Amino acid sequence: MRVFHVLWAGQAVSLIGSSVTSFGVGIWVYAQTGSPTAFTLLILAATLPGIVLLPIAGALVDRWDRRRAMLLSDAGTATVTLLALVLLTTGAFAIWQLYVLAVFLSVFKAVQWPAFSALVAEIVPREHLGRANGRVGLAEALGEVLGALIAGSLYTVLDLRGLLLVDVVTFTAALGTMLWSLRRMPPAAGAPETGTGQAPLSGELGAGWRYIRARPGLSGLLTFFAVHNFGMQLVIVLVPPLVLTLSGPTAYGVVEAVGWAGMVIGGGIVSLTREPRRRVRAILTVGAVQAVLVAAMGVTHAVWAAAAGMFGILAGYAVTNAVTATLWQLKTPLEVQGRVFAVRGMLAWSAQPLAYGVAGPFAQYAAAPLVDPGGPLAGSLGRLTGPGTAGGIALVFLAAAPLLLGIVVASALRPRLRLLEAELPDVPKGGAGPAPADAADAPVQPVASAQPSAV
């Protein structure tokens, strides 16, 4: 566990810096454009390429030493952030460049997530997998809380340039701990040796999908998360524009900190206690509670309601992510985890880019006119949501809540998913291990506000 804790500490420090920059870039983009569409499209650029490339990245990770793959990802991300700092310092920084940099960050993320998943599976004893999952989620949550507080208080002092510099410095912690592990451990046992005896890469790309498709309970779980993540991302991606519209950067920092504090508390509890025995039931219960919280945020669209709602939603994610990670670890052999987890991530996150692409334009150009004075819903829902951008965002929240509750009910009625734990046996001991908690599937993008999700 010593190596795990050292690597975990390095990633935690790096996440603080990434959160600081993520927060600052979100404010900068919204300040430059005043558009929820520009804000959400930036997150789309930072997400879609990585999702598309995940199967290739997973196949490569199963061939490589996972620590070297992590080094490649961390070094690449630091380089992109440094380039953004140089462009901003020289006065050449433009919004279109931010979108291009976001694409490169997404590519490095595609390598980082399955590599970290398989790496932690190799270095943590199986009996500690639940607590390890909780601690990884706790690291991300702490990074988000501290990052939001630091960025919210220092943005007006340091500006975006200073926040980018903080991110570059903190990346040295992740790189340093990974180099430390390379010097003190032999190549990871689970990483195949490269050579002529390996099967062609093209033949391995479908292995993860074939493994999942042959197990209806696992494919049903992915369907649940794909739909659930779409509904949740419609909400979460619009919280920053909502708070910035109602108040300003300071309030936004408070909302971010309160929300991630919920994940800190949830992750702390999971890391110190036993997980629920009936994991699927726990996942669906959390999903139902989150749907209720989304509806409450739409009805009472105020800063305090956004903070309270995000606290509960992210606390639920802490439970769901640890429970889901354990479930997949117990059902997946170590030698195919890179490919299975990559396909798992791609499918579960597949609806997120769609949510990022439609959330801003829908709230700005469709929902807001409906509740504005003279709009068709101004006399009914308009009195509840209010007019303008905030009213349009509140209407999106009210539309997302029934979708979230509906997928929970539909999944609970599906026998293969409901009975997954009983019908699908665990892999033999030594064939599975822990992977990082799903809300910590990748470091926070230093180009937009973090969007937590489960898989």
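Residues numbered from 1 in each chain as written. Predicted model: local features only at pLDDT ≥ 70, side-chain atom pairs only at ≥ 80, totals over all residues. Heavy atoms only, no water.

Engineer: Break down the overall build of the protein chain for me, citing the residues and quoting the values.
Structural biologist: The number of helices and strands found in the protein chain is 19 helices and 0 strands. Here the protein chain, with 455 residues, has 60% of them falling under the buried criterion. Within the protein chain, contacts between residues at least 6 apart in sequence are counted, and of these 88% link residues at least 24 apart. Accessible surface computed for the protein chain: about 16500 Å², of which carbon and sulfur atoms make up 69%. (Helix = DSSP H or I, 4+ residues; strand = E, 2+ residues; numbered from the N terminus. Buried < 20%, exposed > 50% of the residue type's maximum accessible area, 1.4 Å probe, protein only. Contact = heavy atoms within 4.5 Å. Areas by Shrake-Rupley, 256 points an atom, 1.4 Å probe, with all protein chains shown as cover.)

Engineer: How would you summarise the nonpolar core if you had to cite specific residues and measurements?
Structural biologist: One finds F93, L238, V294, I313 and F397 to be the most contacted residues of the largest nonpolar core, which totals 76 residues. Tallying contributions element by element places helix α6 (residues 129-184) first for this core, with 9 residues. Apart from residues no more than four positions distant in its own chain, F397 is found in contact with L234, V235, L238, V239, L242, V294, M297 and G298. Core analysis: the second largest hydrophobic core is formed by 29 residues, Y211, I283, A342 and V427 among them. (Core = buried A, V, L, I, M, F, W, Y, C linked by side-chain atoms within 4.5 Å.)

Engineer: Account for helix α13 (residues 303-331), naming residues and giving values.
Structural biologist: When the terminal C-alpha atoms of α13 are compared, their 42 Å separation across 29 residues agrees well with the 42 Å that a helix rising 1.5 Å per residue should span. Along α13, 23 of the 29 residues are buried, which leaves the element largely enclosed by surrounding structure. (Expected span 1.5 Å × (residues − 1).)

Engineer: An account of the pattern of salt bridges is needed here, citing residue identities and associated values.
Structural biologist: Oppositely charged side chains may form a pair once their charged atoms are brought near each other. Within the structure shown, the criterion is met by 3 salt bridges. Residue E421 is joined to R279 by a salt bridge in which the shortest nitrogen-to-oxygen separation is 3.8 Å. You can see E421 sitting in helix α19 (residues 420-423) and its partner R279 sitting in helix α12 (residues 279-299), a full 142 residues away along the chain. What makes E421 partly exposed here is its relative accessible area of 24%. Among the residues examined, R279 registers a relative accessible area of 18% and is labelled buried. (Salt bridge = Lys/Arg side-chain N within 4 Å of Asp/Glu carboxyl O.)

Engineer: For the packing of aromatic side chains, give the residues involved together with the corresponding values.
Structural biologist: All told, the structure shown has 1 aromatic pair when counted by the stated rule. Here F224 and F225 contribute two aromatic rings whose centre-to-centre distance is 5.1 Å and whose plane-to-plane angle is 65 degrees, an arrangement assigned as edge-to-face. The exposure class assigned to F225 is buried, which follows from its relative accessible area of 1%. For the cation-ring pair, R344 lies above F341, with the distance from its terminal atom to the ring centre recorded as 4.8 Å. (Phe/Tyr/Trp six-rings, centres within 6.5 Å; stacked < 30°, edge-to-face > 60°. Lys NZ or Arg CZ within 6 Å of the ring centre and 35° of its normal.)

Engineer: How would you summarise helix α3 (residues 48-61) if you had to cite specific residues and measurements?
Structural biologist: Taking 1.5 Å of rise per residue, the 14 residues of α3 would be expected to cover 20 Å, and the 20 Å separating its terminal C-alpha atoms lies within 8% of that figure. At L54, α3 shows its maximal kink, close to 50 degrees; a proline, P55, follows between one and four residues later. Listed as buried for α3 are G50, I51, L54, P55, A57, G58, A59 and V61. (Bend = angle between axes of the 7 residues up to and from the residue.)

Engineer: Any details on the packing of helix α10 (residues 239-246) against helix α17 (residues 388-412)? Residues and values, ideally.
Structural biologist: The geometry of α10 relative to α17 is characterised by a closest axis approach of 9 Å and an angle of 145 degrees between their N-to-C directions. As for the relative orientation of α10 and α17, their crossing is left-handed in sense. Residue-level inspection shows V239, P241, L242, T245 and L246 of α10 in contact with α17, the latter providing T389, A390, I393 and F397. Residues belonging to the contact of α10 with α17 are distributed by class as follows: 7 nonpolar, 2 polar and no charged. (Axes fitted to C-alpha atoms, helices over the stretch in contact; angles between N-to-C directions. Left-handed = near helix turned anticlockwise from the far one by under 90°. Nonpolar A, V, L, I, M, F, W, Y, C, P; charged D, E, K, R; others polar.)

Engineer: Can you break down the packing of α3 against helix α14 (residues 337-348) residue by residue, with the values?
Structural biologist: For the pair α3 and α14, interaxial distance at closest approach is 7 Å and the crossing angle is 175 degrees. Considered as vectors, α3 and α14 are oriented roughly antiparallel to each other. Taken together, the residues of α14 that come into contact with α3 (itself represented by I51, V52, L54, P55, G58 and A59) are G338, R339, A342, G345 and M346. (Parallel < 35°, antiparallel > 145°, perpendicular 65-115°, else oblique.)

Engineer: Now, about the side chain of T77: what can you tell me, with residues and values included?
Structural biologist: Looking at the secondary structure, you find T77 in helix α4 (residues 66-89). On the basis of relative accessible area, T77 is assigned to the buried category, the value being 7%. If sequence neighbours within four positions are ignored, T77 has contacts with L105, F108 and F171.

Engineer: Lay out the environment of L405 with the relevant residues and their values.
Structural biologist: Tracing the backbone through its elements, the reader meets L405 in helix α17. A relative accessible area of 41% places L405 in the partly exposed class. Taking the C-alpha atoms as reference points, L405 and L284, separated by 121 residues in sequence, lie 9.5 Å from one another.

Engineer: So, the environment of A295: which residues are in play, and what are the values?
Structural biologist: Within the element layout of this structure, A295 appears in helix α12. In this structure the C-alpha to C-alpha distance between A295 and A401, which are 106 residues apart in sequence, comes to 5.3 Å. Every residue in contact with A295, bar those within four places of it in the chain, is listed here: L398 and A401.

Engineer: Before we move on, can you summarise a nonpolar patch on the surface with the specific residues and values?
Structural biologist: On the surface, a cluster of nonpolar side chains totalling about 420 Å² of accessible area is made up of L48, V52, L53, I56, V103 and V107. Of all the elements in the fold, those that place two or more residues in the nonpolar patch are α3 and α5 (95-123). For the nonpolar patch, the element with the highest residue contribution is α3, accounting for 4 residues. Within the fold, I56 resides in helix α3. (Patch = residues over 30% accessible without salt bridge, like charges linked within 9 Å, V, L, I, M, F, W, Y side chains within 5 Å.)

Engineer: So, the confidence of the model for the protein chain: which residues are in play, and what are the values?
Structural biologist: Summarising the model, the protein chain shows a mean pLDDT of 78, and 85% of its residues fall at 70 or more. Element-level mean pLDDT values for the protein chain span from 61 in helix α7 (residues 201-204) up to 92 in α12. Confidence over residues 189-197 falls short of pLDDT 50; this stretch has 14 contacts with residues more than four positions distant or in other chains. In this model, residues 431-450 is a region of pLDDT below 50 whose contacts with residues beyond four sequence positions or in other chains number 102 contacts. (pLDDT = per-residue confidence, 0-100.)

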